[in-house]
Amino acid sequence: MTTLDLPHLYTGKVRDLYAVGDDYVLMVASDRLSAFDVVMAEPIPHKGRVLTALTDYWVNDFGAGVPRALVSCNPEVIDSYAPGFVDAVHWHGRAMLARRATMLPIECIVRARLAGQAYDEYRDHGTVHGAKMPAGMSLTDAFPEPLFTPSTKAEVGHDLNIDIATAASIVGEEKLDQAMNLCLGLFARASEQMAQVGLVLADTKFELGEVGGELVLCDEVLTPDSSRIWPADQIEAGVTPPAYDKQPFRDWLVTLSWDKTPPPPPVPSDIVDLTSQRYVAAYEAITGRSLDDWYGA
Ligand SMILES: Nc1ncnc2c1ncn2[C@@H]1O[C@H](COP(=O)(O)OP(=O)(O)O)[C@@H](O)[C@H]1O
Ligand SMILES: [Mg+2]
């Protein structure tokens with residue numbers, strides 16, 4: 001229960017989910033920062049608002065033609081579904097009201113560039129999520145076309161990269177086709193826009209769900225937490241480019257001999273501040289808007 005007496009449904013690494021009646025959920029993005037699936041003790045100021053504001057930006061940018069779960073982030077609109085929300089000011093800007101969906105049990109990842117776990121698989125086997133790739137690719141190289149590379153959605157532990165056939169056997173061929181077309185289309189639109197402001201969308205993870213039999217875009221959309229976003233002028237073949245958002249944090253993390261299991265190492269306040277500034281800068285660069293104009297400022 002909350003101050004609004006909403007039934008608590010789920011607490012993820014970053015978000016808390018509450019039921020609003022039978023048909024809606026309130027998704028509240030916290031300022032929590034996780035690394036290797038371990039949540040740090042120190043919150044990153046503004047992070048939750050950045051994640052929510054970016055999701056709202058993209059969903060509205062895609063327009064009504066793209067079915068979505070998101071209803072509104074506007075506190076007054078949310079209040080009409082969850083009375084009392086206007087007074088819950090600590091949630092303003094970080095909460096979104098969404099239609100409650102039955103989530104697809106896969107993560108819909110799209111990759112334009114070779115990076116992360118996909119790079120490890122390519123280096124060891126010449127494949128990416130089981131699909132053969134051209135020989136001689138370096139870290140950060142572009143694939144001939146963006147790839148739809150799903151993974152499982154693990155209840156506990158790490159998600160597992162899977163191939164298209166395995167994903168089809170989980171959700172059904174028709175639904176997988178729909179999901180793939182939708183996600184590749186959204187990826188193309190977003191990467192074109194990011195390119196205009198000097199950013200490369202290397203990969204992202206979409207989550208889809210079903211509402212009344214319709215496949216809809218859910219969860220966070222194209223945020224720094226769900227995407228690799230690189231400054232175009234800092235990409236060098238074979239080298240991991242600086243992450244837009246978490247780089248100061250990652251650079252600090254690698255100086256430690258932390259074994260990547262709880263408890264997390266205490267994050268120094270200058271690293272917290274730098275990381276916070278990067279999240280805000282990412283929002284402002286991508287949207288051309290000021291975070292001061294977003295709810296909850
Ligand atoms: N519209 C929706 N209806 C129901 N569940 C949703 C919706 N959108 C997202 N979710 C789920 O809410 C949770 C978001 O919490 P998050 O902190 O991102 O969790 P995780 O650590 O599991 O990624 C995810 O499990 C996601 O699948
Ligand atoms: Mg998530």
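Residues numbered from 1 in each chain as written. Chains lettered and ligands numbered in written order. Predicted model: local features only at pLDDT ≥ 70, side-chain atom pairs only at ≥ 80, totals over all residues. Heavy atoms only, no water.

**Student:** Pulling in residues and values, what's your account of the pairing of strand E1 (residues 8-11)?
**Tutor:** Looking at chain direction, E1 and strand E2 (residues 15-20) are connected through 3 bridges and run antiparallel. Within E2, the position partnered with His-8 by the bridge is Tyr-18. Where E1 folds back onto E2 in an antiparallel hairpin, the turn is made up of 3 residues. (Pairing = 2+ DSSP bridges. Helix = DSSP H or I, 4+ residues; strand = E, 2+ residues; numbered from the N terminus.)

**Student:** I'd like a rundown of unusual backbone geometry, residues and numbers included.
**Tutor:** Of the consecutive residues Pro-262 and Pro-263, the connecting peptide bond is found in the cis state with omega at 0°. In this structure, Pro-263 sits in the loop between helix H6 (247-253) and helix H7 (269-287). Even without glycine at this site, His-46 takes up a positive phi of about 75°. Residues other than glycine seldom take positive phi values, yet Asp-219 does so here, at roughly 65°. Along the polypeptide, Asp-219 turns up in the loop between strand E15 (214-218) and strand E16 (227-231). A residue is classified by how much of its surface remains accessible, and Asp-219, at 17% relative accessible area, is buried. (Buried < 20%, exposed > 50% of the residue type's maximum accessible area, 1.4 Å probe, protein only.)

**Student:** Help me get a handle on the site of ligand 1, residues and values and all.
**Tutor:** Near ligand 1 lie 18 residues; those nearest to it are Tyr-10, Arg-15, Arg-99, Lys-153 and Glu-207. A distance of 2.6 Å separates an oxygen atom of ligand 1 from a polar atom in the backbone of Arg-15. Burial of ligand 1 by the surrounding chains reaches 88%, relative to a free accessible area of 560 Å². Looking at the shell around ligand 1 residue by residue, the classes come out as 10 nonpolar, 1 polar and 7 charged. (Near = heavy atom within 4 Å. Polar contact = N/O pair within 3.5 Å; in protein donor to acceptor, adjacent residues only side chain to side chain. Areas by Shrake-Rupley, 256 points an atom, 1.4 Å probe, with all protein chains shown as cover. Nonpolar A, V, L, I, M, F, W, Y, C, P; charged D, E, K, R; others polar.)

**Student:** Just give me the short version of a nonpolar patch on the surface, but keep the residues and values in it.
**Tutor:** A contiguous nonpolar surface patch, about 200 Å² in accessible area, is contributed by Val-71, Val-77 and Tyr-81. Position of Val-77 relative to the elements: it lies in helix H2 (residues 75-81). (Patch = residues over 30% accessible without salt bridge, like charges linked within 9 Å, V, L, I, M, F, W, Y side chains within 5 Å. Salt bridge = Lys/Arg side-chain N within 4 Å of Asp/Glu carboxyl O.)

**Student:** Please set out the sheet that holds strand E3 (residues 24-29) residue by residue, giving values where relevant.
**Tutor:** Reading across the sheet, the 5 strands line up as E1-E2-E3-E7-E6 and stay open at both edges, with antiparallel pairing between neighbours. Of all the strands in the sheet, just E1 and strand E6 (70-72) have a single pairing partner and so form its edges. In this sheet, adjacent strand axes meet at a mean angle of 30° when their direction is disregarded. Against the sheet, helix H1 (residues 47-62) makes contact with E2, E3, E6 and strand E7 (95-99), and its axis sits at roughly 45° relative to E7, the strand it touches most. (Axes fitted to C-alpha atoms, helices over the stretch in contact; angles between N-to-C directions. Contact = heavy atoms within 4.5 Å.)

**Student:** An account of the pattern of salt bridges is requested, with residue identities and associated values reported.
**Tutor:** Throughout the structure, instances matching the rule amount to 15 salt bridges. For Glu-207, the salt bridge goes to Lys-153, with nearest N and O atoms at 2.9 Å. With Glu-207 in strand E14 (residues 199-211) and Lys-153 in the loop between strand E13 (151-152) and helix H4 (164-171), this pair connects stretches of sequence that are 54 residues apart. Look at Lys-153 and you get partly exposed, because its relative accessible area is 30%. Several salt bridges share partner residues, and in doing so they unite Lys-47, Asp-225, Asp-245 and Lys-246 into one network.

**Student:** Go over the nonpolar core, please, and point to the residues and values.
**Tutor:** By size, the foremost hydrophobic cluster in this structure holds 68 residues, and its most contacted members are Trp-58, Phe-206, Leu-208, Leu-217, Leu-222 and Phe-249. The residues contacting Trp-58, other than those within four sequence positions of it, are Ala-190, Gln-193, Met-194, Val-221, Leu-222 and Ile-286. Core analysis: the next-biggest nonpolar cluster, separate from the first, contains 13 residues, Leu-4, Val-20, Ile-78 and Phe-85 among them. (Core = buried A, V, L, I, M, F, W, Y, C linked by side-chain atoms within 4.5 Å.)

**Student:** I'd like a description of the packing of aromatic side chains, backed by residues and values.
**Tutor:** In this description, a pair of aromatic rings is defined by centroid distance and the angle of the planes. Summed over all chains, the structure comprises 8 aromatic pairs. By the ring-pair criterion, three or more aromatic residues cluster together here, those being Tyr-18, Phe-85 and Trp-91. A cation over an aromatic ring shows up here: Lys-260 above the ring of Phe-36, its NZ or CZ 4.4 Å from the ring centre. (Phe/Tyr/Trp six-rings, centres within 6.5 Å; stacked < 30°, edge-to-face > 60°. Lys NZ or Arg CZ within 6 Å of the ring centre and 35° of its normal.)

**Student:** Before we move on, can you summarise the packing of H1 against helix H5 (residues 173-196) with the specific residues and values?
**Tutor:** Packed helices, taken two at a time, are described by the angle between their axes plus the distance between the axes. One way to put it is that H1 packs onto H5 with a least axis distance of 11 Å and a crossing angle of 110°. In this view, H1 runs roughly perpendicular relative to H5, as classed from their interaxial angle. Every pair of crossing elements has a handedness; the one defined by H1 and H5 is right-handed. Along its contact with H1, which presents Tyr-57, Trp-58, Asp-61 and Phe-62, the element H5 presents Leu-186, Arg-189, Ala-190, Gln-193 and Met-194. Looking at the contact of H1 with H5 residue by residue, the class counts come to 6 nonpolar, 1 polar and 2 charged. (Parallel < 35°, antiparallel > 145°, perpendicular 65-115°, else oblique. Left-handed = near helix turned anticlockwise from the far one by under 90°.)

**Student:** A description of the environment of Asp-259 should follow, citing residues and the corresponding values.
**Tutor:** Along the chain, Asp-259 falls in the loop between H6 and H7. For Asp-259, a relative accessible area of 54% gives the class exposed. Sequence-wise, Asp-259 and Phe-36 are 223 residues apart; in three dimensions their C-alpha atoms are separated by 9.9 Å. Within the structure, Asp-259 has its side chain in polar contact with the side chain of Thr-261 (distance 2.8 Å).

**Student:** Go over the environment of Val-50 with me, naming the residues and quoting the values.
**Tutor:** Within the fold, Val-50 resides in helix H1. For the pair formed by Val-50 and Met-137, sequence separation is 87 residues and the distance between their alpha carbons is 34 Å. Excluding its chain neighbours within four sequence positions, the residues that come into contact with Val-50 are Tyr-279, Val-280, Tyr-283 and Leu-291.

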